[in-house]
Amino acid sequence: MLDYCYDYLYRKRKPRTVYDVYLDCYSEGYPMFNAELLMRFLYSDDRFTLTGGEEQSYDCFIGVNRKK
């Protein structure tokens, strides 16, 4: 699932909220996560950069770390 999130965000120019990414994942068939759990998984992966509020998924923006 994190690979799907990476591919989705890599094509986007601007960061998206974690809640927006969650809704896209849910519509693609990943209903087993809620937005807060997805945010924790994204924090654990160094391919993503998260900014904004860390408590609420709709205040936290996520982008792809393009520096590899």
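Only a predicted model underlies this, so the values are computations on that prediction, with no experimental measurement involved. Numbering of residues starts from 1 in every chain and runs along the sequence as written. Where totals are concerned, whole chains, interfaces and linings use all residues; where local detail is concerned, this predicted model gives features only for residues with pLDDT of at least 70, and gives and counts side-chain atom pairs only at 80 or more. Only hydrogens and water are removed before side-chain values are computed, so all heavy atoms of the structure are retained for them.

Draft legend 1. Expanded view of a nonpolar patch on the surface. Nonpolar side chains (Val, Leu, Ile, Met, Phe, Trp, Tyr) within 5 Å and like charges within 9 Å form the patches, drawn only from residues with over 30% relative accessible area and no salt bridge. We get accessible surface area from the Shrake-Rupley algorithm with a probe of 1.4 Å; when it comes to residues, only the shown protein chains can shield them. By salt bridge we mean one thing: a side-chain nitrogen of Lys or Arg within 4 Å of a carboxyl oxygen of Asp or Glu. Taken together, the side chains of Tyr-19, Leu-23 and Tyr-58 present a nonpolar region at the surface, about 310 Å² in accessible area. The helix count covers DSSP runs of H or I at least four residues long, the strand count covers runs of E at least two residues long, and both are numbered beginning at the N terminus. Among the structural elements, Tyr-19 can be located in helix α2 (residues 18-27). Each residue is placed in one exposure class: buried if its accessible area under a 1.4 Å probe, protein chains only, is under 20% of its type's maximum, exposed if it is over 50%, and partly exposed if it falls in between. Looking at Tyr-19, the relative accessible area reads 37%, which means it is partly exposed.

Draft legend 2. Representation of the pattern of salt bridges in the model. The tally for this structure, following the rule as stated, stands at two salt bridges. The shortest N-O distance in the salt bridge between Asp-3 and Arg-47 comes to 2.9 Å. Taken together, the residues Asp-3 in helix α1 (residues 2-10) and Arg-47 in the loop between α3 (35-44) and β2 (48-52) connect sequence positions 44 residues apart. A salt bridge links Arg-47 to Asp-45; the nearest nitrogen and oxygen atoms lie 2.8 Å apart.

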